[in-house]
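Chain by chain, the residues run as shown.
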Amino acid sequence: MIERTFVAIKPDGVQRGLTGEILKRFENAGIKIIGMKMKWIDKEFARKHYTEDIAKRRGEKVRELLLDYITEGPIVVMALEGVHVIEVVRKIVGSTEPKTSAPGTIRGDFTHMSFAHADKEEKSVKNVVHASGDAKDAAYELKLWFTEEELHTYKTVHEVHIV
Ligand code: ADP
C-alpha cells in the first residue's frame, strides 16, 4: 500500500511564491518527500510529460496551450511516498478546474479560473500544481523525471506517529 507519486509545482505556483505553502500541505499530511528539484523544461521534454494521451482526452489545442504553460518558467518537481499516496495527493491537490475545486484543496484555495474562461482567452487553465492521475501515470512520470540515485530512502517521524 506504500506508493510513490509525482508532483510538479507549475510555473504559476513557483512565480506566485507558493512553493513552500504547497510543500507544507503534503508534509502536514505525513507524506514523505523522497526526491525534489527545480527544472526549466523545453517543449521537447514537455511533450514526453504531456503525451498524446492528453490530446485524446482534452483535445490537441489544450495540449498545445499546456506545453506553452508548463515551459514558461521553472517548475519544482518532487517524488512523494506514502500510503495510497497517489489518491491522497490528488485529494489534497483538488479537481482540475479551479472554478469547482473544493475549498481546502490546493487548487480550490489558490485558483479560481474556469475552463470556459481559459478557452475564450486561448490559455491553459493555470492551476498551480500537477499530480499523477493513477499508478500507471505515476510510474511513467517518476521514471521520466528522476533517476534512481535521485530518490532517497529514510525514516520520518510520521512513520512512527501517523502511518
Ligand atoms: P489534471 O492536471 O487534473 O490531471 P488533465 O490531465 O486532464 O488534468 O489536464 C492537464 C492540465 O491541462 C490541467 O491541469 C490544466 O492545466 C489543463 N487543462 C485541462 N483541460 C483544459 C481546458 N479545457 N482548457 C484549458 N486548460 C485545460
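Residues numbered from 1 in each chain as written. Predicted model: local features only at pLDDT ≥ 70, side-chain atom pairs only at ≥ 80, totals over all residues. Heavy atoms only, no water.

### Section: the overall build of the protein
Rules: Counting from the N terminus, the helices are the DSSP runs of H or I reaching at least four residues and the strands are the DSSP runs of E reaching at least two. Restricting the calculation to C-alpha atoms gives the radius of gyration, and the globule rule supplies 2.2 Å times the number of residues raised to the power 0.38. Each residue gets one of three labels from its accessible area relative to the maximum for its type: buried under 20%, exposed over 50%, partly exposed in between, using a 1.4 Å probe on protein chains only. Note on contacts: a residue pair qualifies if any of its non-hydrogen atoms lie within 4.5 Å across the two residues. Accessible areas in this description were obtained via Shrake-Rupley with a 1.4 Å probe; residue shielding takes into account the shown protein chains only. Charged residues are defined narrowly, with Lys and Arg counted positive, Asp and Glu counted negative, and His plus the chain ends left uncounted. To locate a charge, take atom NZ for lysine, CZ for arginine, CG for aspartate or CD for glutamate.
Scanning the protein for helices and strands turns up 10 helices and four strands. Listing the helices and strands of the protein from first to last along the sequence gives β-α-α-β-α-α-α-β-α-α-α-β-α-α. In terms of overall dimensions, the protein is globule-like: its C-alpha atoms have a radius of gyration of 15 Å, near the 15 Å expected for 163 residues. Of all 163 residues assigned to the protein, the portion counted as buried reaches 47%. For the protein, restricting intrachain contacts to residue pairs at least 6 apart in sequence, the fraction spanning at least 24 positions comes to 77%. Total accessible area computed for the protein in this model is approximately 8900 Å², and 55% of it derives from carbon and sulfur atoms. If the 26 positive side-chain charges of the protein are averaged to one point and the 26 negative ones to another, these points end up 2 Å apart.

### Some points on the environment of Val 88
In this fold, Val 88 is placed in helix α6 (residues 85-93). When its relative accessible area of 25% is taken as the criterion, Val 88 is described as partly exposed. Considering only alpha carbons, one finds Val 88 and Ile 31, 57 residues apart in sequence, at a separation of 9.3 Å. Sequence-distant contacts of Val 88, defined by excluding residues within four places in its chain, comprise Ile 31 and Val 83.

### A look at the site of the ligand
Our working rule: Nearness is defined per residue: one heavy atom within 4 Å of the molecule or strand is enough. Contacts described as polar in this section are N or O atom pairs within 3.5 Å, which, within protein, must combine one atom able to donate a hydrogen with one able to accept it, while residues neighboring in sequence count only if both atoms come from side chains. A cavity here means a set of points on a 1 Å grid, drawn over the protein atoms and nothing else, where a 1.4 Å probe fits but cannot get out; a pocket is an open set with protein on both sides within 12 Å along at least five of seven lines, and a residue lines either one if it has an atom within 4 Å of a point. The rule for placing a molecule in a cavity or pocket is simple: more than half of its atoms must lie within 2 Å of the grid points. In this count, Pro and Cys sit with the nonpolar residues alongside Ala, Val, Leu, Ile, Met, Phe, Trp and Tyr, while Asp, Glu, Lys and Arg are called charged and the others, Gly among them, polar.
The immediate surroundings of the ligand are formed by 16 residues, with Arg 58, Arg 90, Thr 96, Val 125 and Asn 127 found nearest. Between Lys 10 and the ligand, the recorded distance is 3.0 Å, taken from a side-chain N or O atom to an oxygen atom. A distance of 2.7 Å is found between an oxygen atom of the ligand and a backbone nitrogen or oxygen belonging to Val 125. For the ligand, the accessible surface in isolation is 530 Å², of which the surrounding protein chains cover 94%. Comparing atom positions with the cavity grids shows the ligand to sit within the largest pocket. Its residues placed into classes, the shell around the ligand shows six nonpolar, three polar and seven charged.

### Describing the side chain of Glu 97
Worth spelling out the cut-off: A pairing counts as a salt bridge when a side-chain nitrogen of Lys or Arg comes within 4 Å of a carboxyl oxygen of Asp or Glu.
Here Glu 97 shows up in the loop between α6 and α7 (106-110). No salt bridge is formed by the buried Glu 97. Its closest oppositely charged neighbour is Lys 99, at 4.7 Å. The contacts of Glu 97, once residues within four sequence positions are left out, are Met 113, Ser 114 and Phe 115.

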